[in-house]
Amino acid sequence: MAKRKNEYVESNIDILDLDGSINKTLIDNDIKTVGLLWTQTRKSLKTIGLKDSDIKQIIIKLQLLGLDLNKKIYS
């Protein structure tokens, strides 16, 4: 069975419409696409300086696209 590919994985993180400070932290750490963000874990996001509330916002925005941290896909 072919692995499903989410259409947003190649997109820039700008499409998530995150708070400016979260966006800046991600970009400063070379996480510039939804795909790169999607492969992160909660722990790895904490190590780059994001707070729980920031990570929750990221998770919600990813879930709206059918994705979640740690490479989960929802159909």
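Here's a quick rundown of the structure. Note that the structure is predicted; figures quoted are calculated from it, not measured. (Residues numbered from 1 in each chain as written. Predicted model: local features only at pLDDT ≥ 70, side-chain atom pairs only at ≥ 80, totals over all residues. Heavy atoms only, no water.)

**Here's the deal with the pattern of salt bridges**
- If you walk through the whole model with that rule in mind, you get five salt bridges.
- The partner of lysine 32 in a salt bridge is aspartate 30, and the shortest N-O contact between them spans 2.9 Å.
- For lysine 46, the salt bridge goes to aspartate 52, with nearest N and O atoms at 3.3 Å.
- Bridged by salt links that share partners, the residues Arg42, Lys46 and Asp52 form one connected network. (Salt bridge = Lys/Arg side-chain N within 4 Å of Asp/Glu carboxyl O.)

**Looking at the nonpolar core**
- In this structure, Leu16, Leu26, Leu37, Leu45, Ile58 and Leu62 are the most contacted members of the largest nonpolar core, which totals 19 residues.
- Mapped by element, the contributors of at least two residues to this core are helix H1 (20–28), helix H2 (34–38) and helix H4 (52–64).
- The element best represented in this core is H4, accounting for four residues.
- If sequence neighbours within four positions are ignored, leucine 16 has contacts with Val34, Leu37, Lys61, Leu62 and Leu65. (Core = buried A, V, L, I, M, F, W, Y, C linked by side-chain atoms within 4.5 Å. Buried < 20%, exposed > 50% of the residue type's maximum accessible area, 1.4 Å probe, protein only. Helix = DSSP H or I, 4+ residues; strand = E, 2+ residues; numbered from the N terminus. Contact = heavy atoms within 4.5 Å.)

**Topic: H1**
- Within H1, burial applies to Ile22, Asn23 and Leu26. All buried residues of H1 fall inside an arc of 100° around its axis, so they share one side. Across from the buried face of H1, at angles greater than 90 degrees, the exposed residues are Gly20, Ser21, Lys24 and Asp28.
- Elements that come into contact with the buried residues of H1 comprise H2, helix H3 (42–47) and H4.
- Downstream of H1 by a residue or two, aspartate 30 has a phi angle that is positive, lying close to 65°. (Arc of directions from axis to C-beta.)

Shape descriptors only; they carry no functional weight alone.
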